[in-house]
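Close look at the chain arrangement
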Amino acid sequence: MTVTAEAATPGSANLRDSIPFQPHVIDESEARLLVLEERLPKIDGNFVGKSVVAMSQCEPADIELLFKETDIVYREEQAGEATENLKGKRVALEFFEDSTRTRFSSDAAAGGDGAHVIGFSSRAGTSGDGKHESDEDTVKNMDRYVHLHVIRHPEDGFVPERALDLQHPIINGGNGAGEHPSQAFLDGYTICKLLGQIEGKRFTFYGDMIKGRTGHSTAQLLAMMGAAELNFVAPIELQMPGRIIHIVEGYGTRTTVTDNIEEVIERTDALYRLRTQLERFAKAKRAAIASMVPMVTTQLLDKGPDGIQFLHPGPEDKLNPDYTPEVRRDRRYKVLFQAEMGLSVRRALMRLMLDRANVA
Ligand code: CP
């Protein structure tokens, strides 16, 4: 089945003359995902007991609620306060794909707030390895032991499907090339800390947006929270899916689609570089794809506004770096601060989902 969507409306104020407009074609797996997402509950001001899988579940008031609780968690962390809001709760971290930030910040968020944390970081050591239990059966059994799941899975549909058939809520820790909403929450919170607000600000996404799930979620969050402008910079093979551009423009955010970073760097309050997700491309394509996006340099950042900030969701592939060593030492490099915010945001999210928040 092939569905042609009228996404990425031509004619909006942008530089699409740089990259010829291509109608976005939604394939069968993407259509299936959209149908699943439609069935997910809206947050509607109340996170309790609801899985958080896709940004389409959220409205600005939900994000504001989460950020309010995050402010509390952040202050507690800064003050070194011991907290036990999640005491008596059990959280499972079920990672069928590698992770450093999402997994360990979730572990520190839950365990550091009194929850009991169990889980795995690959099938190895679970019955899904030598005994060939299905991933679905693995998490359905885990569901009987815990009150909340954080699940990462390489297939786009696995997490949304489980959100519809598990008894306990899930934080989507990344579903293939789909979404990564808790990354969007921490990106948005980081930007509020760095720039004061999202509303009216201009953001440039630079790198692999076709497979980069963090870009899909974060672009939606920024638009939802009133970003003035989102620029998507990549060669056409790595560009943002038209479906996401369509959603972003629906919030009234101006978009620019180009393969030339020089065209938009002056209009960038925060530059968000994305790793090329080589593991999600066919092996035969990887060599060509790997070298398509140049590294960010301090000279490039110098061309931006004075207050430009540099973000990256991580990880950076050291064999195919996204920025130079000088950027890592630059005052505008906020990547580790961004990672740090993951703990506060995820703890706040868990409190809201498990009805242990101070706000709400
Ligand atoms: N940003 C992110 O998802 O990083 P990890 O893959 O290390 O969790």
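Up top is the structure.
About the criteria used
- Residues numbered from 1 in each chain as written.
- Predicted model: local features only at pLDDT ≥ 70, side-chain atom pairs only at ≥ 80, totals over all residues.
- Heavy atoms only, no water.
- Buried < 20%, exposed > 50% of the residue type's maximum accessible area, 1.4 Å probe, protein only.
- Helix = DSSP H or I, 4+ residues; strand = E, 2+ residues; numbered from the N terminus.
- Contact = heavy atoms within 4.5 Å.
- Near = heavy atom within 4 Å.
- Polar contact = N/O pair within 3.5 Å; in protein donor to acceptor, adjacent residues only side chain to side chain.
- Areas by Shrake-Rupley, 256 points an atom, 1.4 Å probe, with all protein chains shown as cover.
- Nonpolar A, V, L, I, M, F, W, Y, C, P; charged D, E, K, R; others polar.
- Pairing = 2+ DSSP bridges.
- Right-handed = clockwise from strand over helix to strand, strands pointing away.
- Axes fitted to C-alpha atoms, helices over the stretch in contact; angles between N-to-C directions.
- Phe/Tyr/Trp six-rings, centres within 6.5 Å; stacked < 30°, edge-to-face > 60°.
- Lys NZ or Arg CZ within 6 Å of the ring centre and 35° of its normal.
- Core = buried A, V, L, I, M, F, W, Y, C linked by side-chain atoms within 4.5 Å.

Before going further, it helps to examine helix H5 (residues 158-165). Among the residues of H5, those classed as buried are Phe-158, Val-159, Pro-160, Arg-162 and Ala-163. Looking at the buried residues of H5, the elements they touch are helix H1 (28-38), helix H4 (135-142), strand E5 (148-153) and strand E6 (170-175).

The subject of this paragraph is the site of the ligand. Taken together, Ser-99, Thr-100, Arg-101, Thr-102, Arg-152, His-180, Gln-183, Pro-313, Gly-314 and Pro-315 make up the full set of residues adjacent to the ligand. Ser-99 has a polar side-chain atom sitting 2.7 Å from an oxygen atom of the ligand. Measuring from an oxygen atom of the ligand, one finds a backbone N or O atom of Arg-101 at 2.9 Å. About the coverage of the ligand: the protein hides 94% of its 250 Å² of free accessible area. Split into classes, the residues belonging to the shell around the ligand amount to two nonpolar, six polar and two charged.

Further remarks concern the pairing of E5. The element E5 is extensively covered by neighbouring structure, given that six of its six residues are classed as buried. Residues Leu-148, Val-150 and Arg-152 point to one face of E5 and His-149, Ile-151 and His-153 to the other, with burial holding for every one of them. Looking at chain direction, strand E3 (residues 90-95) and E5 are connected through five bridges and run parallel. Counterpart to Val-91 in the pairing with E5 is Leu-148. Note that E5 and E6 share four bridges and pair parallel. Across the sheet, residue His-149 finds its bridge partner in E6, namely Ile-170. This β-α-β element, E5 to H5 to E6, shows right-handed connectivity.

With respect to the element layout, Glu-229 can be found in strand E8 (residues 229-233). By relative accessible area, Glu-229 is classed as buried at 5%. Along the backbone, Glu-229 and Arg-254 are 25 residues apart, and their C-alpha atoms lie at a distance of 4.7 Å. Not counting the four nearest positions on each side in its chain, Glu-229 is found in contact with Lys-201, Arg-202, Phe-203, Thr-253, Arg-254 and Arg-267. In terms of polar contacts, Glu-229 uses its side chain to reach the side chain of Arg-254, at 3.0 Å.

With that settled, the discussion passes to the sheet that holds E6. Taken in spatial order, the four strands make up an open sheet running E4-E3-E5-E6, and their pairing is parallel. The open sheet has two edge strands with one neighbour each: strand E4 (116-120) and E6. Ignoring which end each strand starts from, the neighbouring axes of this sheet average 10° apart. The pairing of E3 with E4 spans five bridges and is classified as parallel. Each residue of the ladder has a partner; that of Arg-90, found in E4, is His-116.

As a further point, take the sheet that holds strand E7 (residues 202-207). Whenever strands of a sheet pair, they do so through backbone hydrogen bonds, lying parallel or antiparallel. The strand order across the open sheet formed by five strands is E9-E8-E7-E10-E11, and the pairing between neighbours is parallel. On the outer flanks of this sheet lie strand E9 (254-258) and strand E11 (309-311), each paired with one strand and no other. Strand-to-strand twist of the sheet, defined as the mean angle between neighbouring strand axes without regard to direction, takes the value 15°. Against the sheet, helix H6 (residues 181-195) makes contact with E7, strand E10 (270-274) and E11, and its axis sits at roughly 165° relative to E11, the strand it touches most. Together, E7, E8 and E10 form the strand contacts of helix H7 (residues 213-224), whose direction differs from that of E7 by roughly 170°.

In this section: the packing of aromatic side chains. Scanning the model with the defined rule gives eight aromatic pairs in all. Considering the side-chain rings of Phe-96 and Phe-120, the 5.2 Å spacing of their centres and the 75° angle between planes classify their relative orientation as edge-to-face. Of the two residues, Phe-96 is situated in the loop between E3 and helix H3 (101-111) and Phe-120 in strand E4; the sequence distance between them amounts to 24 residues. Each member of the pair, Phe-96 as well as Phe-120, is classed as buried. Their ring planes at 65° and their centres at 5.7 Å tell us that Phe-96 and Phe-158 sit as a pair that is edge-to-face. Taken together, the positions of Phe-96 in the loop between E3 and H3 and Phe-158 in helix H5 put the pair 62 residues apart, joining distant regions of the chain. Residue Phe-96 shares its accessibility class with Phe-158, and that shared class is buried. What links up through ring pairs into an aromatic cluster is the set Phe-96, Phe-120 and Phe-158. Above the face of the Phe-281 ring, Lys-211 is positioned so that its terminal group lies 5.3 Å from the ring centre. Over the ring of Tyr-206 we find Arg-273, and its NZ or CZ is 5.1 Å from the ring centre.

Before going further, it helps to examine the nonpolar core. Counting 81 residues, the largest nonpolar core has Phe-185, Phe-203, Phe-205, Leu-230 and Leu-271 as the members making the most contacts within it. The biggest single contributor to this core is helix H12 (residues 335-353), with eight residues. Every residue in contact with Phe-203, bar those within four places of it in the chain, is listed here: Ile-191, Leu-195, Ile-198, Leu-222, Ala-227, Glu-229, Leu-230, Asn-231 and Ala-270. By size, the runner-up hydrophobic cluster in this structure holds 15 residues, among which are Leu-40, Phe-96, Ala-163 and Leu-166.

Interpretation note: all reported values are geometric properties and have no functional meaning in isolation.
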